[in-house]
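Residue-level listing of the chains:
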Amino acid sequence: MPHQFHTRVYYEDTDLAGIVYYANYLKFIERARTEWVEALGVDQVALKAREGIVFAVRRVEADYLRPAKFADDLVVETKLQSLGGARIVLEQVVLRGGERLFVSVVTLVCLTEDGHAARLPPELRARLSGPLH
């Protein structure tokens, strides 16, 4: 079952036509990823302090299907698609009342603080892989 993050469209999220500015969907899905990781019991600050690793977006594929508008209540669903040695692939969908507005596939990589690829620690891999089964 996908993780759900609820948000609302504020005036600051829109353009002159009252439609969500395209780049703001990336903010919505970023917030949802943060909440998804936290819901899995992963403390990213502690992970950085303890293991010296962070997550970074490597790739985003985005399809803008229908416009969200000022004052819309939205749900961002986040679902794990695959897990590699240092890579996490997620599907994220923005919905309004069940209608798909935006669909994305986001590839994250696990990095050391100096920017080199790092393998996902076993404990982290176990927490993330739970949603696959």
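Please read these numbers as outputs of a predicted model, since none were measured by experiment. (Residues numbered from 1 in each chain as written. Predicted model: local features only at pLDDT ≥ 70, side-chain atom pairs only at ≥ 80, totals over all residues. Heavy atoms only, no water.)

**Section: the nonpolar core**
Part 1 of the reasoning: Tyr25, Ala68, Leu74, Val76, Ile88 and Val94 are the most contacted members of the largest nonpolar core, which totals 29 residues.
Part 2 of the reasoning: Taken together, the elements giving at least two residues each to this core come down to helix H1 (24-39), strand S3 (73-83), strand S4 (87-96), strand S5 (99-112) and helix H3 (122-129).
Part 3 of the reasoning: For this core, the element with the most residues is H1, which contributes six residues. (Core = buried A, V, L, I, M, F, W, Y, C linked by side-chain atoms within 4.5 Å. Buried < 20%, exposed > 50% of the residue type's maximum accessible area, 1.4 Å probe, protein only. Helix = DSSP H or I, 4+ residues; strand = E, 2+ residues; numbered from the N terminus.)

**What about the pairing of S4?**
Along any regular strand the residues' side chains alternate between the sheet's two faces.
Part 1 of the reasoning: For S4, the buried fraction is high: seven of the ten residues fall into the buried class.
Part 2 of the reasoning: Where S3 and S4 come together, eight bridges link them in antiparallel fashion. Bridging across to S4, Glu77 finds its partner in Val93.
Part 3 of the reasoning: Note: S4 against S5, ten bridges, orientation antiparallel. Directly across from Ile88, in S5, lies its bridge partner Leu108. (Pairing = 2+ DSSP bridges.)

**Quick word on the packing of aromatic side chains**
Part 1 of the reasoning: Applying the stated rule across the entire model yields seven aromatic pairs.
Part 2 of the reasoning: Relative to Tyr22, the ring of Tyr21 has its centre 4.9 Å away and its plane inclined at 55°; by these criteria the two rings are tilted.
Part 3 of the reasoning: Exposure remark for Tyr21: the relative accessible area of 42% places this residue in the partly exposed category.
Part 4 of the reasoning: Ring geometry for Tyr22 and Tyr64: centres 6.4 Å apart, planes at 75°, overall edge-to-face. With Tyr22 in the loop between strand S1 (3-8) and H1 and Tyr64 in strand S2 (residues 53-64), this residue pair connects regions lying 42 residues apart in the sequence.
Part 5 of the reasoning: Among the aromatic residues, those joined into a ring-pair cluster are Tyr21, Tyr22, Tyr25, Phe28, Tyr64 and Phe102. (Phe/Tyr/Trp six-rings, centres within 6.5 Å; stacked < 30°, edge-to-face > 60°.)

**Here we look at unusual backbone geometry**
Part 1 of the reasoning: For Ala71, which is not glycine, the phi dihedral falls at a positive 75°.
Part 2 of the reasoning: Since its relative accessible area comes to 30%, Ala71 is described here as partly exposed.

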